[in-house]
Amino acid sequence: MAEVFVPAIKIADVPANGMVVVDVNGARIAVANVQGQFYAFDDECTHEQCSLAEGDLAGTTVTCMCHGAEFDVRSGAVLAPPAVVPVKVYRTRVDGDALHIEV
Amino acid sequence: MAGFVVIGAGLAGASAAIALRKYSIDARVTLIGEEDEVPYERPPLSKGYLRGEQPVEKLLVRPREFYEEQAIDTMFGSRACRIDGTQRVVHLADDRRVPFDRLLIATGVRNRRPPIPGIELQGVHQLRTVRDATRLRAEMRAGRRAVVVGMGFIGCEVAASLRHHQVEVVAIDPGPTPLARVLGEAVGGMLAALHASYGVHTVFNDAVEAFEGDGRIAAVVTKAGLRIPCDFAVVGVGVEAVVDLLDGSGIRVDNGIAVDQYCATSVGGIFAAGDVANHFHPVFGRHIRVEHWQNAMRQGDNAARNMLGERIAYDDIPWFWSDQYDANIQYAGHHTGYEELILRGQLHGGSYAAFYMNGGVIDAVVGVNNARDVRRAMPLIKARQPVDPGQLRDESVDLRSLATPPSDPVRTPSSSATA
């Protein structure tokens, strides 16, 4: 089945340099707004399942509040342990005032 | 080349072996560990594992097959008993010898076993290894009576896990509150109230005189004269660095193994990391020995890279957490005494941060159900600049806004590798 872009949230609802969680087909996906660029990734930290959207965003780095794991929101790559496994990222597309996420 | 040898297969040693392979594809790496088990993480031993919520596999630093796949030679179930710094050889208890070019000592700590009469009785437990935790878990049934001796972090977490299984708990500590020496009496008092609210009977300013029983423990007698009948006991009264094997090695020992900011000992080519290392911390300008998970993981990695020829000072801010009931407690920094304790939030309000201040500078922060402020305070601790207490107290102030520009994000070993 081809992956499709699904409208997920109004871009105005993602605060600048902030994160929100959206539900896309039952999946909890975090959306980060980095200076007008939108990045989408699984909200669940790959270490112990804490919410990444409840963490801190600095530039393109998200820090999990539970144990300090850091990920690059662009690629999902682990930047700091204790996480070992990258977080899954999704492609995004702005269409009018809506952000679409490919799932 | 004899290669790189790591003594100690806890988190620090395992992290070092992993890093040695990560940064050197052809290094010969040998990891020696006293326990039979592959390296595992200890924090769950007093929490999720003890409560029976996590299998052993969830504790492992890496999957069992990792070490063979990564061509890391492992010698588990082997105790190193002597280091010859001149001949560059590690002697094992079974008379084998392991030569090295570069050596990391990550032997950690062992639990103190005070000479209390009856401490050898059956049912008097301690907690350090997965085997200890498995044995203790077998005792945990609703309605049984336990005495927890020592309300440090381990004692507090064990008490919480015991209450989770409806074990009746009496907890004894020589201080006026749990963790009074570490966190101060204000925060300690809040912890005392927390444990009391979950049904722990606390006994402060007292200590164990004797464990009584015929073969198996039946009661604990305290110095103040209490006699507490029980079915089992857990003793957590501090630790001591495992440095016996250094006798005659020439390596300087001072509250653990004295190392510089690069994790190097006084003998060339020999390094130390983790709980056993009394490390010169460049941020605090003094030696600090940290007995926590993050330090073991990051310092092990850092030491490995310096063993490979880099010169990277380890300057992570010490950080740890403790989970007790519904309270997530996090601490960052390092303090011994403090001139002022600045509260952000209410001590008994369920969520707050407390800053340990000296000379207007934040030395450390503890947060209860407030990991965010603890993490945001870490750059402030690292900056060593005076911070306005009014701003710290004001919960509407984002702590990130107090960082003195240019802000220096906490550097991590992995990010500095690519710098």
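Values in this document were obtained by computation on a predicted structure and should not be read as measured data.

Overview of the domain arrangement of chain B
Residue and element names in this part refer to chain B.
Point 1. Segmenting chain B into domains produces domain 1 (4-110 + 240-307), domain 2 (124-237) and domain 3 (327-404).
Point 2. Relative placement of domain 1 and domain 2: their C-alpha centres are 30 Å apart.
Point 3. Of the residues assigned to the side of domain 1 that touches domain 2, the class counts are six nonpolar, two polar and five charged.

Some points on the packing of helix H1 (residues 11-23) of chain B against helix H7 (residues 293-307) of chain B
All names here are of chain B.
Point 1. One can describe the packing of H1 onto H7 by two numbers: an axis separation of 7 Å at closest approach and a directional angle of 40 degrees. In the crossing of H1 with H7, the sense of the turn from one axis to the other is right-handed. When H1 is examined against H7, the residues Leu11, Ala12, Gly13, Ser15, Ala16, Ala19, Leu20 and Tyr23 are found in contact with a partner set consisting of Trp293, Ala296, Met297, Gln299, Gly300, Asp301, Ala303, Ala304, Arg305 and Met307.
Point 2. Residue composition of the contact of H1 with H7, grouped by class: twelve nonpolar, four polar and two charged.

Some details on the interface of chain A and chain B
Point 1. Contacts between chain A and chain B engage ten residues on the former and ten residues on the latter.
Point 2. Of all elements in the fold, only strand S5 (56-58) and strand S8 (78-80) of chain A reach the threshold of two or more residues within the side of chain A that touches chain B.
Point 3. Considering only residue class, the side of chain A that touches chain B consists of seven nonpolar, two polar and one charged.

Quick look at the sheet that holds strand S21 (residues 286-288) of chain B
Residues and elements named next belong to chain B.
Point 1. Read across the open sheet, the three strands follow the order S18-S20-S21; overall the sheet is mixed. Looking at the sheet topology across the chains shown, the edges are occupied by strand S18 (257-259) and S21. Within this sheet the neighbouring strands show an average axis-to-axis angle of 30 degrees, counted without direction.
Point 2. Across three bridges, the pairing between S18 and strand S20 (residues 277-281) is parallel. Bridge assignment links Ile257 to a residue of S20, and that residue is Ala277.

What about the nonpolar core?
Residue and element names in this part refer to chain B.
Point 1. Ranked by size, the top nonpolar core spans 150 residues in total, and within it Ala16, Leu104, Ala233, Ala272 and Val365 carry the most contacts.
Point 2. Top element by residues in this core is H1. It accounts for eight residues.
Point 3. The contacts of Leu104, once residues within four sequence positions are left out, are Val6, Gly13, Ala16, Phe271, Ala272, Ala273, Ala303, Ala304 and Met307.

What counts and how
Residues numbered from 1 in each chain as written. Chains lettered and ligands numbered in written order. Predicted model: local features only at pLDDT ≥ 70, side-chain atom pairs only at ≥ 80, totals over all residues. Domains from an automatic or database assignment. Nonpolar A, V, L, I, M, F, W, Y, C, P; charged D, E, K, R; others polar. Axes fitted to C-alpha atoms, helices over the stretch in contact; angles between N-to-C directions. Helix = DSSP H or I, 4+ residues; strand = E, 2+ residues; numbered from the N terminus. Left-handed = near helix turned anticlockwise from the far one by under 90°. Contact = placed C-beta atoms within 7 Å. Pairing = 2+ DSSP bridges. Core = buried A, V, L, I, M, F, W, Y, C linked by C-beta atoms within 7 Å. Buried ≥ 20, exposed ≤ 12 C-beta atoms within 10 Å, placed from the backbone.

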